[in-house]
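Listed below are the residues making up each chain.
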Amino acid sequence: MGRMDALDLEIQTAARRRSEAETAFLRADAELRELLIKGRAANKGPSHMAKLTGFTREWIYKIAPDPEKSRQGAIQRRLDKLNTDSD
């Protein structure tokens with residue numbers, strides 16, 4: 001490629017800033033998701049955490065479902081599968 005003009009440099013700089021912002025967003029998103037999971041494990045409800053974050057209860061629940069219900073559901077699915085296999 002030949003010489004870069006001012007517009008080329010602006011495009012390149014903007015692309016670099018966007019890439020850095022995306023990396024920062026992904027890091028912050030992973031941190032938030034981890035904290036939401038910790039919050040659910042500490043018996044904080046989706047409504048409470050939705051107020052703290054500005055996200056919907058449904059989104060919070062999707063990211064961090066109730067750990068007790070998840071365990072119970074997994075246990076029940078295993079029992080159902082065992083009962084089906086023994087028939």
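We now turn to the structure provided with this report. (Residues numbered from 1 in each chain as written. Predicted model: local features only at pLDDT ≥ 70, side-chain atom pairs only at ≥ 80, totals over all residues. Heavy atoms only, no water.)

With that settled, the discussion passes to the pattern of salt bridges. Counted by the stated rule, this structure contains four salt bridges. Note that Asp29 and Arg33 form a salt bridge whose closest N and O atoms lie 2.8 Å from each other. Here the residue Asp29 and the residue Arg33 both occupy positions in helix α1 (residues 6–41), the gap between them amounting to four residues, near one helical turn. Classification of Arg33 by relative accessible area gives partly exposed; the value is 32%. Residue Lys38 is joined to Glu34 by a salt bridge in which the shortest nitrogen-to-oxygen separation is 3.9 Å. Of this pair, Lys38 and Glu34 both sit in helix α1, four residues apart, roughly one helical turn. (Salt bridge = Lys/Arg side-chain N within 4 Å of Asp/Glu carboxyl O. Helix = DSSP H or I, 4+ residues; strand = E, 2+ residues; numbered from the N terminus. Buried < 20%, exposed > 50% of the residue type's maximum accessible area, 1.4 Å probe, protein only.)

What follows concerns the environment of Pro67. Structurally, Pro67 can be placed in helix α4 (residues 67–86). Through-space distance from the C-alpha of Pro67 to that of Arg40 is 7.0 Å; in sequence the pair is 27 residues apart. With sequence-adjacent residues up to four places away left out, Pro67 is seen in contact with Arg40 and Ala41. (Contact = heavy atoms within 4.5 Å.)

None of the figures reported here should be taken as evidence of function without further support.
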